[in-house]
Amino acid sequence: MEIFIAQLISGLSLGSIYVLLVTGFNLMLLVAKIIQFAYPQIVVISMYTCWWALKITSNKLLIIIAGITVSVALSLLSEPIFRKISSIKDVDINATFIASMGIAMIMMDVMSHSFNYGFPVAFPPKWIGGNILSFGLITISKGQLFALVGGVIAVSVFFYLLYRTNQGRFFRAIAENRLAAELVGIPITKTSIFSYFIVGILGGFSAILFSMLIGSASPWLGEFVALKMLAVSIVAGLGNLHGGLVCGLLLGIIEAIAVGYISGSWSNVIAFVIMLAVILIKPEGLFGTKI
Amino acid sequence: MEKKNSILKIENLSVSYGPIKALKNIDLYINEGEFVSLIGANGAGKTTLLKAVLGINTIERGNIFFLGKDITRKPTNVIVSSGLSLIPEGHIIFSSMSVLENLQLGAYQSLATFKENLEKIFEYFPILQKRSNQIAGTLSGGEQQMLSMGRALMSKPKLILVDEPSLGLAPKIVLDIFNILIELNKEGYTILLSEQNAKKALESSSRCYVMKTGEIAMSGPSLDLMNNPQIQQAYLGGC
(Lines give C-alpha, C1' and ligand atoms only; values in the text may rest on other atoms or scores of the structure.)
Protein backbone atom coordinates (compact mmCIF):
# COMPACT_ATOMS: atom_id res chain seq x y z
CA MET A 1 0.00 0.00 0.00
CA GLU A 2 2.82 2.37 0.88
CA ILE A 3 4.47 1.71 -2.44
CA PHE A 4 1.20 2.44 -4.15
CA ILE A 5 0.71 5.77 -2.39
CA ALA A 6 4.30 6.76 -3.01
CA GLN A 7 4.04 5.90 -6.69
CA LEU A 8 0.67 7.60 -6.98
CA ILE A 9 2.14 10.86 -5.70
CA SER A 10 5.18 10.61 -7.94
CA GLY A 11 2.88 9.71 -10.85
CA LEU A 12 0.68 12.74 -10.26
CA SER A 13 3.68 15.07 -10.23
CA LEU A 14 5.07 13.59 -13.45
CA GLY A 15 1.54 13.65 -14.87
CA SER A 16 1.15 17.34 -14.16
CA ILE A 17 4.21 17.98 -16.35
CA TYR A 18 2.63 15.94 -19.15
CA VAL A 19 -0.57 17.93 -18.70
CA LEU A 20 1.29 21.23 -19.09
CA LEU A 21 3.07 19.97 -22.19
CA VAL A 22 0.01 18.50 -23.86
CA THR A 23 -2.03 21.60 -23.04
CA GLY A 24 0.47 23.83 -24.83
CA PHE A 25 0.66 21.39 -27.72
CA ASN A 26 -3.14 21.28 -28.03
CA LEU A 27 -3.44 25.06 -27.87
CA MET A 28 -1.02 25.34 -30.80
CA LEU A 29 -3.07 22.75 -32.63
CA LEU A 30 -6.36 24.54 -32.01
CA VAL A 31 -5.48 28.20 -32.42
CA ALA A 32 -2.29 28.43 -34.47
CA LYS A 33 -3.30 25.30 -36.44
CA ILE A 34 0.16 23.75 -36.25
CA ILE A 35 1.58 20.48 -34.90
CA GLN A 36 4.32 21.80 -32.63
CA PHE A 37 6.53 18.76 -32.15
CA ALA A 38 9.47 20.99 -31.18
CA TYR A 39 7.66 22.32 -28.12
CA PRO A 40 9.37 19.93 -25.65
CA GLN A 41 12.77 20.90 -27.13
CA ILE A 42 11.96 24.50 -26.27
CA VAL A 43 11.17 23.31 -22.77
CA VAL A 44 14.52 21.52 -22.51
CA ILE A 45 16.46 24.55 -23.75
CA SER A 46 14.61 26.54 -21.13
CA MET A 47 15.75 23.96 -18.54
CA TYR A 48 19.34 24.48 -19.66
CA THR A 49 18.80 28.21 -19.29
CA CYS A 50 17.77 27.71 -15.68
CA TRP A 51 20.86 25.59 -15.13
CA TRP A 52 23.12 28.34 -16.51
CA ALA A 53 21.29 30.98 -14.52
CA LEU A 54 21.87 28.91 -11.39
CA LYS A 55 25.61 29.22 -11.93
CA ILE A 56 25.38 33.00 -11.92
CA THR A 57 22.76 33.68 -9.30
CA SER A 58 20.86 31.90 -6.59
CA ASN A 59 17.93 34.29 -6.77
CA LYS A 60 15.13 31.88 -7.69
CA LEU A 61 12.89 34.56 -9.10
CA LEU A 62 15.57 35.68 -11.56
CA ILE A 63 16.16 32.08 -12.62
CA ILE A 64 12.46 31.52 -13.21
CA ILE A 65 12.23 34.73 -15.24
CA ALA A 66 15.23 33.66 -17.33
CA GLY A 67 13.69 30.26 -18.04
CA ILE A 68 10.33 31.69 -19.04
CA THR A 69 11.87 34.46 -21.16
CA VAL A 70 13.88 32.00 -23.24
CA SER A 71 10.87 29.75 -23.71
CA VAL A 72 8.62 32.64 -24.78
CA ALA A 73 11.32 33.98 -27.12
CA LEU A 74 11.83 30.61 -28.84
CA SER A 75 8.10 30.06 -29.17
CA LEU A 76 7.58 33.50 -30.70
CA LEU A 77 10.60 33.05 -33.00
CA SER A 78 9.04 29.93 -34.48
CA GLU A 79 5.82 31.80 -35.29
CA PRO A 80 6.88 33.47 -38.58
CA ILE A 81 8.26 30.14 -39.84
CA PHE A 82 5.01 28.31 -39.19
CA ARG A 83 2.91 31.17 -40.52
CA LYS A 84 4.92 31.13 -43.74
CA ILE A 85 4.48 27.36 -44.11
CA SER A 86 0.76 27.51 -43.38
CA SER A 87 0.25 30.29 -45.93
CA ILE A 88 1.59 28.18 -48.80
CA LYS A 89 -1.26 27.11 -51.05
CA ASP A 90 -2.49 23.52 -50.84
CA VAL A 91 -0.33 22.80 -47.81
CA ASP A 92 -2.06 21.14 -44.88
CA ILE A 93 -1.25 20.91 -41.19
CA ASN A 94 1.05 17.91 -41.73
CA ALA A 95 3.64 20.20 -43.32
CA THR A 96 3.96 22.00 -39.99
CA PHE A 97 4.51 18.60 -38.34
CA ILE A 98 7.47 17.86 -40.62
CA ALA A 99 8.83 21.37 -40.18
CA SER A 100 8.58 21.20 -36.39
CA MET A 101 10.34 17.81 -36.40
CA GLY A 102 13.13 19.48 -38.35
CA ILE A 103 13.29 22.33 -35.89
CA ALA A 104 13.31 19.83 -33.02
CA MET A 105 16.24 17.98 -34.58
CA ILE A 106 18.20 21.18 -35.08
CA MET A 107 17.59 22.15 -31.47
CA MET A 108 18.63 18.72 -30.24
CA ASP A 109 21.85 18.78 -32.27
CA VAL A 110 22.71 22.27 -31.07
CA MET A 111 22.21 21.08 -27.50
CA SER A 112 24.30 17.95 -27.94
CA HIS A 113 27.14 19.89 -29.57
CA SER A 114 27.34 23.08 -27.62
CA PHE A 115 25.52 22.85 -24.31
CA ASN A 116 27.86 21.61 -21.56
CA TYR A 117 29.92 19.74 -24.23
CA GLY A 118 26.86 17.59 -24.90
CA PHE A 119 26.83 16.07 -21.43
CA PRO A 120 23.65 15.94 -19.41
CA VAL A 121 23.43 18.52 -16.67
CA ALA A 122 22.40 17.99 -13.06
CA PHE A 123 20.67 20.69 -11.08
CA PRO A 124 22.33 21.56 -7.76
CA PRO A 125 20.52 20.67 -4.51
CA LYS A 126 19.85 24.34 -3.80
CA TRP A 127 17.43 24.28 -6.76
CA ILE A 128 15.47 21.14 -5.97
CA GLY A 129 15.92 20.77 -2.22
CA GLY A 130 15.63 17.42 -0.50
CA ASN A 131 12.70 15.50 0.85
CA ILE A 132 9.81 17.19 2.50
CA LEU A 133 8.29 14.13 4.00
CA SER A 134 9.47 10.62 4.54
CA PHE A 135 8.07 7.82 6.59
CA GLY A 136 8.55 4.22 5.71
CA LEU A 137 8.67 3.80 1.99
CA ILE A 138 6.79 7.00 1.29
CA THR A 139 8.98 9.94 0.52
CA ILE A 140 7.89 13.12 -1.12
CA SER A 141 10.63 15.30 -2.50
CA LYS A 142 10.33 19.04 -2.70
CA GLY A 143 10.61 18.74 -6.46
CA GLN A 144 7.58 16.45 -6.62
CA LEU A 145 5.54 18.79 -4.48
CA PHE A 146 6.54 21.81 -6.57
CA ALA A 147 5.73 20.01 -9.81
CA LEU A 148 2.34 18.96 -8.54
CA VAL A 149 1.30 22.24 -6.94
CA GLY A 150 2.88 24.36 -9.68
CA GLY A 151 1.25 22.23 -12.35
CA VAL A 152 -2.18 22.57 -10.75
CA ILE A 153 -1.78 26.34 -10.43
CA ALA A 154 -0.50 26.81 -14.00
CA VAL A 155 -3.26 24.69 -15.51
CA SER A 156 -5.93 26.43 -13.39
CA VAL A 157 -4.71 29.85 -14.47
CA PHE A 158 -4.66 28.69 -18.08
CA PHE A 159 -8.21 27.37 -17.96
CA TYR A 160 -9.36 30.55 -16.23
CA LEU A 161 -7.85 32.51 -19.10
CA LEU A 162 -9.50 30.20 -21.59
CA TYR A 163 -13.00 30.30 -20.14
CA ARG A 164 -13.29 33.63 -18.34
CA THR A 165 -11.46 36.20 -20.45
CA ASN A 166 -12.00 37.71 -23.86
CA GLN A 167 -8.66 36.42 -25.17
CA GLY A 168 -9.62 32.92 -24.05
CA ARG A 169 -12.96 33.25 -25.79
CA PHE A 170 -11.06 34.26 -28.95
CA PHE A 171 -8.94 31.13 -28.64
CA ARG A 172 -11.99 28.92 -28.34
CA ALA A 173 -13.79 30.74 -31.12
CA ILE A 174 -10.90 30.26 -33.57
CA ALA A 175 -10.51 26.65 -32.48
CA GLU A 176 -14.15 25.93 -33.11
CA ASN A 177 -14.94 27.83 -36.27
CA ARG A 178 -12.31 29.91 -37.98
CA LEU A 179 -14.73 31.49 -40.47
CA ALA A 180 -17.23 32.52 -37.80
CA ALA A 181 -14.36 33.90 -35.73
CA GLU A 182 -13.27 35.99 -38.68
CA LEU A 183 -16.83 37.17 -39.24
CA VAL A 184 -17.25 38.52 -35.72
CA GLY A 185 -14.07 40.50 -36.30
CA ILE A 186 -11.57 38.55 -34.20
CA PRO A 187 -8.02 39.45 -35.33
CA ILE A 188 -6.91 35.95 -36.31
CA THR A 189 -3.19 36.56 -36.78
CA LYS A 190 -2.82 38.63 -33.63
CA THR A 191 -4.68 36.04 -31.56
CA SER A 192 -2.57 33.29 -33.08
CA ILE A 193 0.65 35.13 -32.15
CA PHE A 194 -0.73 35.57 -28.65
CA SER A 195 -1.21 31.81 -28.42
CA TYR A 196 2.52 31.33 -29.16
CA PHE A 197 3.20 33.72 -26.29
CA ILE A 198 0.95 31.82 -23.88
CA VAL A 199 2.45 28.50 -24.96
CA GLY A 200 5.90 30.00 -24.35
CA ILE A 201 4.91 30.86 -20.79
CA LEU A 202 3.46 27.39 -20.25
CA GLY A 203 6.70 25.94 -21.66
CA GLY A 204 8.81 27.99 -19.27
CA PHE A 205 6.75 26.82 -16.32
CA SER A 206 7.00 23.23 -17.49
CA ALA A 207 10.79 23.61 -17.71
CA ILE A 208 11.10 24.95 -14.17
CA LEU A 209 8.83 22.31 -12.67
CA PHE A 210 10.38 19.53 -14.73
CA SER A 211 13.90 20.46 -13.64
CA MET A 212 12.75 20.45 -10.02
CA LEU A 213 11.11 17.09 -10.47
CA ILE A 214 13.82 15.13 -12.26
CA GLY A 215 16.80 17.27 -11.33
CA SER A 216 18.59 16.93 -14.65
CA ALA A 217 18.40 17.74 -18.34
CA SER A 218 19.94 16.22 -21.43
CA PRO A 219 19.85 16.89 -25.17
CA TRP A 220 17.75 13.74 -25.72
CA LEU A 221 15.15 14.54 -23.13
CA GLY A 222 13.08 16.67 -25.49
CA GLU A 223 12.47 14.02 -28.12
CA PHE A 224 11.65 11.48 -25.47
CA VAL A 225 9.07 13.75 -23.91
CA ALA A 226 7.75 14.88 -27.30
CA LEU A 227 6.72 11.33 -28.15
CA LYS A 228 4.89 11.01 -24.85
CA MET A 229 3.20 14.36 -25.38
CA LEU A 230 2.05 13.30 -28.83
CA ALA A 231 0.85 9.97 -27.46
CA VAL A 232 -1.18 11.66 -24.73
CA SER A 233 -2.72 14.06 -27.22
CA ILE A 234 -3.68 11.22 -29.57
CA VAL A 235 -5.03 8.98 -26.81
CA ALA A 236 -7.13 11.83 -25.41
CA GLY A 237 -8.22 13.05 -28.83
CA LEU A 238 -6.21 15.66 -30.75
CA GLY A 239 -6.95 19.15 -29.52
CA ASN A 240 -9.11 17.96 -26.62
CA LEU A 241 -7.92 20.10 -23.70
CA HIS A 242 -9.99 18.38 -21.03
CA GLY A 243 -9.06 14.97 -22.36
CA GLY A 244 -5.39 15.96 -22.30
CA LEU A 245 -5.75 16.88 -18.65
CA VAL A 246 -7.12 13.47 -17.71
CA CYS A 247 -4.83 11.43 -19.95
CA GLY A 248 -1.71 13.38 -18.99
CA LEU A 249 -2.27 12.64 -15.32
CA LEU A 250 -3.20 9.02 -16.12
CA LEU A 251 0.00 8.47 -18.10
CA GLY A 252 2.05 9.84 -15.21
CA ILE A 253 0.32 7.49 -12.77
CA ILE A 254 0.56 4.46 -15.05
CA GLU A 255 4.28 5.05 -15.59
CA ALA A 256 4.93 5.50 -11.89
CA ILE A 257 2.99 2.36 -11.00
CA ALA A 258 4.93 0.44 -13.64
CA VAL A 259 8.18 1.72 -12.15
CA GLY A 260 7.04 0.70 -8.69
CA TYR A 261 5.77 -2.79 -9.45
CA ILE A 262 7.41 -4.03 -12.64
CA SER A 263 10.49 -2.23 -13.77
CA GLY A 264 11.22 1.29 -14.83
CA SER A 265 12.42 0.20 -18.24
CA TRP A 266 8.95 -1.11 -19.11
CA SER A 267 7.12 2.15 -18.49
CA ASN A 268 7.62 3.41 -22.06
CA VAL A 269 6.50 0.17 -23.61
CA ILE A 270 3.31 0.28 -21.56
CA ALA A 271 2.61 3.89 -22.53
CA PHE A 272 3.01 3.27 -26.25
CA VAL A 273 1.15 -0.04 -26.24
CA ILE A 274 -1.79 1.83 -24.73
CA MET A 275 -1.47 4.45 -27.45
CA LEU A 276 -1.47 1.81 -30.18
CA ALA A 277 -4.47 0.07 -28.66
CA VAL A 278 -6.42 3.32 -28.52
CA ILE A 279 -5.50 4.22 -32.10
CA LEU A 280 -6.72 0.82 -33.27
CA ILE A 281 -9.91 0.68 -31.21
CA LYS A 282 -10.91 4.33 -30.92
CA PRO A 283 -9.01 6.35 -33.54
CA GLU A 284 -10.70 9.61 -32.53
CA GLY A 285 -9.25 9.27 -29.01
CA LEU A 286 -10.91 8.53 -25.70
CA PHE A 287 -12.48 12.00 -25.46
CA GLY A 288 -12.84 12.79 -29.16
CA THR A 289 -10.72 14.96 -31.45
CA LYS A 290 -11.46 18.66 -31.61
CA ILE A 291 -9.80 19.58 -34.89
CA MET B 1 -31.11 57.08 -57.18
CA GLU B 2 -27.65 56.90 -55.78
CA LYS B 3 -27.04 59.53 -53.15
CA LYS B 4 -23.77 61.37 -52.92
CA ASN B 5 -22.57 59.66 -49.75
CA SER B 6 -23.77 56.09 -50.20
CA ILE B 7 -22.97 53.73 -47.34
CA LEU B 8 -21.59 51.01 -49.61
CA LYS B 9 -20.28 51.44 -53.13
CA ILE B 10 -18.88 48.66 -55.26
CA GLU B 11 -17.14 49.58 -58.50
CA ASN B 12 -16.25 47.22 -61.30
CA LEU B 13 -15.63 44.28 -58.94
CA SER B 14 -14.26 40.99 -60.31
CA VAL B 15 -13.46 37.80 -58.41
CA SER B 16 -12.15 34.52 -59.80
CA TYR B 17 -11.88 31.02 -58.39
CA GLY B 18 -8.93 29.78 -60.41
CA PRO B 19 -9.98 29.85 -64.06
CA ILE B 20 -13.65 30.39 -63.20
CA LYS B 21 -14.86 33.96 -63.21
CA ALA B 22 -17.24 34.12 -60.25
CA LEU B 23 -17.96 37.85 -60.39
CA LYS B 24 -17.69 40.02 -63.50
CA ASN B 25 -17.56 43.81 -63.26
CA ILE B 26 -20.11 44.22 -60.49
CA ASP B 27 -21.36 47.75 -59.79
CA LEU B 28 -23.60 48.22 -56.77
CA TYR B 29 -24.46 50.92 -54.24
CA ILE B 30 -26.52 51.12 -51.06
CA ASN B 31 -27.77 54.35 -49.50
CA GLU B 32 -28.11 54.81 -45.78
CA GLY B 33 -31.34 53.36 -44.38
CA GLU B 34 -32.12 51.30 -47.47
CA PHE B 35 -33.27 47.69 -47.58
CA VAL B 36 -31.69 46.26 -50.71
CA SER B 37 -32.06 42.69 -51.88
CA LEU B 38 -29.89 40.55 -54.09
CA ILE B 39 -31.67 37.74 -55.89
CA GLY B 40 -30.57 35.11 -58.35
CA ALA B 41 -30.30 31.37 -58.79
CA ASN B 42 -27.94 29.13 -56.87
CA GLY B 43 -24.39 29.76 -58.10
CA ALA B 44 -25.14 33.21 -59.51
CA GLY B 45 -22.45 34.69 -57.25
CA LYS B 46 -24.49 36.21 -54.42
CA THR B 47 -22.51 34.66 -51.59
CA THR B 48 -19.24 35.33 -53.42
CA LEU B 49 -20.17 39.00 -53.62
CA LEU B 50 -20.95 39.25 -49.90
CA LYS B 51 -17.74 37.42 -49.01
CA ALA B 52 -15.74 39.73 -51.26
CA VAL B 53 -17.17 42.77 -49.47
CA LEU B 54 -16.10 41.25 -46.13
CA GLY B 55 -12.58 40.62 -47.45
CA ILE B 56 -12.88 36.84 -47.29
CA ASN B 57 -12.44 36.28 -51.03
CA THR B 58 -9.44 37.49 -52.98
CA ILE B 59 -10.46 40.42 -55.12
CA GLU B 60 -9.08 40.40 -58.64
CA ARG B 61 -10.12 43.84 -59.80
CA GLY B 62 -12.33 46.71 -58.70
CA ASN B 63 -12.95 48.73 -55.57
CA ILE B 64 -15.23 48.60 -52.55
CA PHE B 65 -15.98 51.74 -50.55
CA PHE B 66 -17.68 51.62 -47.16
CA LEU B 67 -18.71 54.94 -45.58
CA GLY B 68 -16.52 56.68 -48.13
CA LYS B 69 -13.40 54.69 -47.22
CA ASP B 70 -11.69 52.22 -49.52
CA ILE B 71 -11.94 48.79 -47.84
CA THR B 72 -10.76 46.75 -50.83
CA ARG B 73 -8.36 43.98 -49.71
CA LYS B 74 -8.48 45.06 -46.06
CA PRO B 75 -8.36 42.26 -43.46
CA THR B 76 -11.79 40.96 -42.43
CA ASN B 77 -11.49 41.99 -38.78
CA VAL B 78 -10.70 45.57 -39.81
CA ILE B 79 -13.72 45.67 -42.13
CA VAL B 80 -15.98 44.22 -39.44
CA SER B 81 -14.80 46.68 -36.81
CA SER B 82 -15.50 49.57 -39.18
CA GLY B 83 -19.20 48.70 -38.88
CA LEU B 84 -20.02 46.02 -41.42
CA SER B 85 -21.55 42.73 -40.28
CA LEU B 86 -22.32 39.57 -42.23
CA ILE B 87 -24.96 37.12 -41.08
CA PRO B 88 -23.62 34.08 -42.91
CA GLU B 89 -25.65 31.43 -44.64
CA GLY B 90 -26.37 28.20 -42.77
CA HIS B 91 -26.44 29.76 -39.28
CA ILE B 92 -22.75 29.57 -38.48
CA ILE B 93 -22.43 29.80 -34.70
CA PHE B 94 -20.01 28.67 -32.01
CA SER B 95 -21.95 25.58 -31.11
CA SER B 96 -19.92 24.47 -28.08
CA MET B 97 -20.33 27.85 -26.38
CA SER B 98 -23.32 29.19 -24.55
CA VAL B 99 -25.78 31.54 -26.23
CA LEU B 100 -24.52 34.38 -24.07
CA GLU B 101 -20.89 33.71 -24.99
CA ASN B 102 -21.80 33.81 -28.66
CA LEU B 103 -23.33 37.21 -28.14
CA GLN B 104 -20.32 38.36 -26.13
CA LEU B 105 -18.04 37.43 -29.01
CA GLY B 106 -20.18 39.46 -31.37
CA ALA B 107 -19.91 42.44 -29.05
CA TYR B 108 -16.27 42.46 -28.20
CA GLN B 109 -15.62 45.61 -30.21
CA SER B 110 -18.28 47.60 -28.40
CA LEU B 111 -17.93 46.31 -24.86
CA ALA B 112 -18.84 49.68 -23.39
CA THR B 113 -22.42 49.40 -24.61
CA PHE B 114 -22.62 45.63 -24.10
CA LYS B 115 -25.48 45.60 -21.58
CA GLU B 116 -27.57 48.05 -23.57
CA ASN B 117 -27.04 46.11 -26.81
CA LEU B 118 -27.83 42.83 -25.12
CA GLU B 119 -31.17 44.12 -23.85
CA LYS B 120 -31.99 45.32 -27.34
CA ILE B 121 -31.15 41.93 -28.84
CA PHE B 122 -33.29 40.17 -26.23
CA GLU B 123 -36.14 42.47 -27.24
CA TYR B 124 -35.85 41.38 -30.88
CA PHE B 125 -35.30 37.73 -29.99
CA PRO B 126 -36.92 36.92 -26.62
CA ILE B 127 -36.12 33.25 -27.14
CA LEU B 128 -32.38 34.03 -26.86
CA GLN B 129 -32.89 35.48 -23.39
CA LYS B 130 -34.71 32.35 -22.30
CA ARG B 131 -31.90 30.21 -23.65
CA SER B 132 -28.97 32.45 -22.75
CA ASN B 133 -27.13 29.85 -20.66
CA GLN B 134 -27.86 26.97 -23.00
CA ILE B 135 -25.13 25.55 -25.24
CA ALA B 136 -25.71 27.04 -28.70
CA GLY B 137 -25.37 23.71 -30.49
CA THR B 138 -28.52 22.44 -28.79
CA LEU B 139 -30.73 25.19 -30.25
CA SER B 140 -33.14 24.49 -33.07
CA GLY B 141 -32.32 25.64 -36.61
CA GLY B 142 -34.50 28.73 -36.36
CA GLU B 143 -33.07 29.66 -32.96
CA GLN B 144 -29.54 29.24 -34.33
CA GLN B 145 -30.38 31.61 -37.18
CA MET B 146 -31.69 34.11 -34.64
CA LEU B 147 -28.53 33.72 -32.58
CA SER B 148 -26.45 34.30 -35.69
CA MET B 149 -28.44 37.47 -36.37
CA GLY B 150 -28.25 38.58 -32.75
CA ARG B 151 -24.51 38.08 -32.71
CA ALA B 152 -24.07 40.20 -35.83
CA LEU B 153 -26.23 42.96 -34.33
CA MET B 154 -24.22 43.03 -31.09
CA SER B 155 -21.46 44.99 -32.80
CA LYS B 156 -23.92 47.79 -33.69
CA PRO B 157 -23.17 47.56 -37.40
CA LYS B 158 -23.93 50.37 -39.82
CA LEU B 159 -24.64 47.90 -42.58
CA ILE B 160 -25.86 44.31 -42.24
CA LEU B 161 -25.28 41.79 -45.00
CA VAL B 162 -27.67 38.85 -44.69
CA ASP B 163 -26.92 35.67 -46.64
CA GLU B 164 -29.84 33.29 -47.31
CA PRO B 165 -31.54 33.58 -43.92
CA SER B 166 -34.39 31.31 -44.99
CA LEU B 167 -32.16 28.38 -45.94
CA GLY B 168 -33.43 25.14 -44.44
CA LEU B 169 -35.99 26.74 -42.14
CA ALA B 170 -39.71 26.09 -41.74
CA PRO B 171 -42.03 28.63 -43.51
CA LYS B 172 -43.34 29.98 -40.21
CA ILE B 173 -39.82 30.73 -38.99
CA VAL B 174 -38.85 32.22 -42.37
CA LEU B 175 -41.77 34.60 -41.96
CA ASP B 176 -40.58 35.57 -38.46
CA ILE B 177 -37.08 36.20 -39.71
CA PHE B 178 -38.22 38.41 -42.58
CA ASN B 179 -40.46 40.36 -40.20
CA ILE B 180 -37.51 40.95 -37.92
CA LEU B 181 -35.42 42.15 -40.87
CA ILE B 182 -38.14 44.60 -41.90
CA GLU B 183 -38.41 45.75 -38.28
CA LEU B 184 -34.65 46.28 -38.09
CA ASN B 185 -34.75 48.32 -41.27
CA LYS B 186 -37.53 50.51 -39.87
CA GLU B 187 -35.37 51.16 -36.82
CA GLY B 188 -32.66 52.55 -39.06
CA TYR B 189 -30.48 49.57 -39.93
CA THR B 190 -29.26 49.46 -43.52
CA ILE B 191 -29.63 45.96 -44.94
CA LEU B 192 -28.34 44.05 -47.96
CA LEU B 193 -30.19 40.74 -48.22
CA SER B 194 -29.09 37.92 -50.47
CA GLU B 195 -31.92 35.48 -50.99
CA GLN B 196 -32.98 32.70 -53.34
CA ASN B 197 -36.60 33.16 -52.36
CA ALA B 198 -37.13 36.02 -54.84
CA LYS B 199 -40.75 36.68 -53.91
CA LYS B 200 -40.00 37.19 -50.23
CA ALA B 201 -36.91 39.24 -50.99
CA LEU B 202 -38.75 41.56 -53.40
CA GLU B 203 -41.64 41.99 -50.98
CA SER B 204 -39.46 43.09 -48.09
CA SER B 205 -36.89 45.24 -49.89
CA SER B 206 -37.23 48.64 -51.52
CA ARG B 207 -34.64 48.05 -54.20
CA CYS B 208 -33.24 44.93 -55.79
CA TYR B 209 -30.31 43.64 -57.81
CA VAL B 210 -30.74 40.52 -59.94
CA MET B 211 -27.61 38.41 -60.39
CA LYS B 212 -27.00 35.94 -63.18
CA THR B 213 -23.78 33.97 -63.74
CA GLY B 214 -21.60 36.45 -61.89
CA GLU B 215 -23.11 39.60 -63.35
CA ILE B 216 -25.77 42.09 -62.37
CA ALA B 217 -28.46 41.28 -64.92
CA MET B 218 -30.97 43.87 -63.79
CA SER B 219 -31.60 46.32 -60.98
CA GLY B 220 -34.24 48.77 -59.83
CA PRO B 221 -37.02 49.39 -57.33
CA SER B 222 -38.42 46.10 -56.06
CA LEU B 223 -41.97 47.03 -57.10
CA ASP B 224 -40.92 47.58 -60.73
CA LEU B 225 -39.03 44.31 -60.81
CA MET B 226 -41.97 42.44 -59.33
CA ASN B 227 -44.10 43.58 -62.25
CA ASN B 228 -41.42 42.91 -64.83
CA PRO B 229 -42.56 39.96 -66.99
CA GLN B 230 -39.01 38.68 -67.40
CA ILE B 231 -38.49 38.54 -63.63
CA GLN B 232 -41.91 37.01 -63.11
CA GLN B 233 -41.08 34.27 -65.54
CA ALA B 234 -37.57 33.56 -64.27
CA TYR B 235 -37.94 33.97 -60.52
CA LEU B 236 -41.54 34.32 -59.44
CA GLY B 237 -43.02 31.31 -61.16
CA GLY B 238 -45.12 33.40 -63.55
CA CYS B 239 -45.74 32.52 -67.17
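Residues numbered from 1 in each chain as written. Chains lettered and ligands numbered in written order. Predicted model: local features only at pLDDT ≥ 70, side-chain atom pairs only at ≥ 80, totals over all residues.

Asker: Can you help me understand the environment of Lys212 of chain B in this one?
Answerer: Residue and element names in this part refer to chain B. Here Lys212 lies in strand β9 (residues 207-212). According to the C-beta neighbour criterion, Lys212 is partly exposed, with 14 such atoms within 10 Å. Distance in space between the C-alpha atoms of Lys212 and Lys46 is 9.1 Å, their sequence separation being 166 residues. For Lys212, the residues in contact, after removing those within four places along its chain, are Gly40, Ala44 and Ala217. (Helix = DSSP H or I, 4+ residues; strand = E, 2+ residues; numbered from the N terminus. Buried ≥ 20, exposed ≤ 12 C-beta atoms within 10 Å, placed from the backbone. Contact = placed C-beta atoms within 7 Å.)

Asker: Hey, could you run me through the sheet that holds strand β3 (residues 35-39) of chain B in this one?
Answerer: Sheet strands pair via backbone hydrogen bonds, and the direction of the pair is either parallel or antiparallel. Residue and element names in this part refer to chain B. Pairing within the open sheet is mixed, and its six strands lie in the order β6-β7-β8-β3-β9-β10. Two strands close off the open sheet at either side, each with one partner strand: β6 (84-87) and β10 (215-221). With direction set aside, neighbouring strand axes in the sheet form an average angle of 15°. With four bridges connecting them, β6 and strand β7 (residues 159-163) associate as parallel partners. (Pairing = 2+ DSSP bridges. Axes fitted to C-alpha atoms, helices over the stretch in contact; angles between N-to-C directions.)

Asker: For this particular structure, what's the right way to read the pairing of strand β2 (residues 20-30) of chain B?
Answerer: Remember that side chains alternate between the two faces of the sheet whenever the strand is regular. Residue and element names in this part refer to chain B. By the bridge criterion, seven bridges tie strand β1 (residues 8-17) to β2 in an arrangement that is antiparallel. The partner of Lys9 across the bridge, within β2, is Tyr29. Joining the antiparallel neighbours β1 and β2 is a turn of two residues, in which Gly18 adopts a positive phi near 60°.

Asker: So what exactly am I meant to see when it comes to the packing of helix α4 (residues 93-114) of chain A against helix α10 (residues 221-236) of chain A here?
Answerer: Residues and elements named next belong to chain A. Direction vectors running N to C along α4 and α10 enclose 150°, while the axes themselves pass 9 Å from each other. When the axes of α4 and α10 are compared, the pair comes out roughly antiparallel. Contacts between α4 and α10 involve Ala104, Met107 and Met108 from the former and Gly222, Glu223 and Ala226 from the latter. Looking at side-chain class alone, the contact of α4 with α10 contains four nonpolar, one polar and one charged residues. (Parallel < 35°, antiparallel > 145°, perpendicular 65-115°, else oblique. Nonpolar A, V, L, I, M, F, W, Y, C, P; charged D, E, K, R; others polar.)

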